[in-house]
Amino acid sequence: MIKLGVNIDHIATLRQARREGAPSVVEAALVCEKAGADGITVHLREDRRHIQDYDVYSLREILKTKLNLEMAATEEVVGVALDVKPDSVCIVPEKREELTTEGGLDVKNNKETLSSIISKLKKAGIVVSIFIDADLEQVSACSEVGADAVELHTGKYSLIFKESGSSSRECKGELKRITEASKEALKRKLILNAGHGLDYENVGQICKIHGMNEFNIGFSIISKAIFDGLQKAVFDMRKLIQQNSNL
């Protein structure tokens, strides 16, 4: 059964608008767990635009499921990860000017740096994933640098799905690309995860991909929660994934 990791960055985005402590990231995480989330994901960005260091430490203390830390491959954030020891990390590309992560990491051309960082994280007992585009060479590179998992970037698929529909040639082509990259990941004994842009309409197609382990979904769940409540938003996504998953 495919697991659901809920990204709660945008709870912190709202809190940081006033910086008065509410809404609580910790409380949000507990609600998500109660609703059936298999884990909580947060991105500790270099500019600290939403999640703060103390959020990561607090979550590590209270979570009963797992903590997944998204992070750039920088010395500072690697240091935090080694101190906190989340259950897993996902190494992502990061640019200060971007609204959200815009694409996958170029592992192929950064093997030496990534190999060193991954080795340190794995020695600390942390499962290491890398966020990449659905590209066969990048999947291979993740295996070569010692990653445990890949998280395939589904942002392009999600955008095409919204603009052209699931039956369009473009959407089918992107879905095929993700499927082929998934096969390569499994062939190389990598844990297969996916995320970015997944919502209540487009997630079903990705659920059908053989061997999928986990989705990390945030924005669509938090958006739905504004009207339906966070517990129901998480519950509904979890139910949708279960209904569409390959058993």
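This text gives an overview of the structure that appears in the document. None of the values given here were measured: they were computed from a predicted structure. (Residues numbered from 1 in each chain as written. Predicted model: local features only at pLDDT ≥ 70, side-chain atom pairs only at ≥ 80, totals over all residues. Heavy atoms only, no water.)

With that settled, the discussion passes to the overall build of the protein. Summing up its helical and strand segments, the protein has 11 helices and 8 strands in all. Its C-alpha radius of gyration of 17 Å places the protein within 12% of the 18 Å reference for a compact globule of 247 residues. Its C-alpha atoms put the protein at 45 × 45 × 35 Å along the principal axes. Relative to its full complement of 247 residues, the protein shows a buried share of 51%. Here the analysis covers contacts within the protein between residues at least 6 apart in sequence; of these, 66% occur between residues at least 24 apart. In the form shown here, the protein has an accessible surface area of approximately 11700 Å², with 50% of it arising from carbon and sulfur atoms. Computed over 34 positive and 37 negative side-chain charges, the inter-centroid distance for the protein is 5 Å. (Helix = DSSP H or I, 4+ residues; strand = E, 2+ residues; numbered from the N terminus. Rg over C-alpha atoms; globule rule 2.2 N^0.38 Å. Buried < 20%, exposed > 50% of the residue type's maximum accessible area, 1.4 Å probe, protein only. Contact = heavy atoms within 4.5 Å. Areas by Shrake-Rupley, 256 points an atom, 1.4 Å probe, with all protein chains shown as cover. Lys, Arg positive; Asp, Glu negative; His and termini not counted. Charge placed at Lys NZ, Arg CZ, Asp CG, Glu CD.)

Below, the discussion takes up the packing of helix 3 (residues 53–62) against helix 4 (residues 75–84). Geometry of a packed helix pair, given as the angle between the helix axes and the separation of the axes. Packing of helix 3 against helix 4 brings their axes to within 10 Å, and their N-to-C directions diverge by 20 degrees. Compared by their axis directions, helix 3 and helix 4 come out roughly parallel. Where helix 3 crosses over helix 4, the two elements pack in a sense that is right-handed. Residues Asp-53, Val-56, Tyr-57 and Arg-60 of helix 3 form the contact with helix 4, whose own contacting residues are Val-80, Asp-83 and Val-84. Here the contact of helix 3 with helix 4 is composed, by residue class, of 4 nonpolar, no polar and 3 charged. (Axes fitted to C-alpha atoms, helices over the stretch in contact; angles between N-to-C directions. Parallel < 35°, antiparallel > 145°, perpendicular 65-115°, else oblique. Left-handed = near helix turned anticlockwise from the far one by under 90°. Nonpolar A, V, L, I, M, F, W, Y, C, P; charged D, E, K, R; others polar.)

Moving on: the packing of aromatic side chains. Within the structure shown, the criterion is met by 1 aromatic pair. Here the guanidinium or amino end of Lys-224 rests over the ring plane of Tyr-200, the centre of that ring lying 5.1 Å away. (Phe/Tyr/Trp six-rings, centres within 6.5 Å; stacked < 30°, edge-to-face > 60°. Lys NZ or Arg CZ within 6 Å of the ring centre and 35° of its normal.)

Here we come to the environment of Val-80. Structurally, the position occupied by Val-80 is in helix 4. Expressed as a C-alpha distance, the spacing of Val-80 and Val-56, which sit 24 residues apart in the sequence, is 8.9 Å.

Moving on, we get to the environment of Lys-172. Checked against the element boundaries, Lys-172 lands in helix 8 (residues 169–187). Relative accessible area serves as the criterion here: at 52%, Lys-172 is assigned to the exposed category. Between the alpha carbons of Lys-172 and Ile-160 there is a distance of 9.4 Å; along the sequence they are 12 residues apart. If near-sequence neighbours (up to four positions away) are discounted, Lys-172 is found in contact with Ser-166 and Ser-167.

Our next topic: unusual backbone geometry. Geometrically, the link from Ala-22 to Pro-23 is a cis peptide bond, its omega value of 0 degrees lying close to zero. With respect to the secondary-structure elements, Pro-23 resides in the loop between helix 1 (9–18) and helix 2 (25–34). If you check the backbone angles, Lys-85 has positive phi at about 55 degrees while not being a glycine. In this structure, Lys-189 takes a positive phi of about 65 degrees despite not being glycine. In this structure, Lys-189 sits in the loop between helix 8 and strand 7 (191–195).

What follows covers the side chain of Glu-174. Note on placement: Glu-174 falls in helix 8. Looking at Glu-174, the relative accessible area reads 5%, which means it is buried. In contact with Glu-174, other than residues within four places in its own chain, are Lys-156, Tyr-157 and Ile-160.

A separate point is the side chain of Ser-129. With respect to the helices, strands and loops of the structure, Ser-129 is situated in strand 5 (residues 127–132). At 3.5 Å, the side chain of Ser-129 forms a polar contact with the backbone nitrogen of Glu-151. Ignoring any residue separated from it by four or fewer positions in sequence, one finds Ser-129 in contact with Val-89, Cys-90, Ile-91, Ala-149, Val-150, Glu-151 and Asn-193. (Polar contact = N/O pair within 3.5 Å; in protein donor to acceptor, adjacent residues only side chain to side chain.)

Listing the buried residues of helix 2 in full gives Val-25, Ala-28, Ala-29, Cys-32 and Glu-33. The arc that holds every buried residue of helix 2, seen down its axis, measures 140 degrees, which confines them to one face. Facing away from the buried surface of helix 2 by more than 90 degrees, the exposed residues are Glu-27 and Lys-34. If you follow the buried residues of helix 2, they end up packed against strand 1 (3–7), helix 1, strand 2 (39–43), helix 3 and helix 11 (230–244). (Arc of directions from axis to C-beta.)

Bringing the sheet that holds strand 5 into the picture now. Here we have 8 strands rolled up into a closed barrel, ordered 1-2-3-4-5-6-7-8, and parallel in their pairing. Direction aside, the axes of adjacent strands within the sheet are offset by 25 degrees on average. The pairing of strand 1 with strand 2 spans 3 bridges and is parallel. Across the sheet, the residue bridging to Gly-5 is Gly-39, located in strand 2. Across the sheet, helix 3 lies against strand 2 and strand 3 (67–71), angled at about 160 degrees from strand 3, the strand it touches most. (Pairing = 2+ DSSP bridges.)

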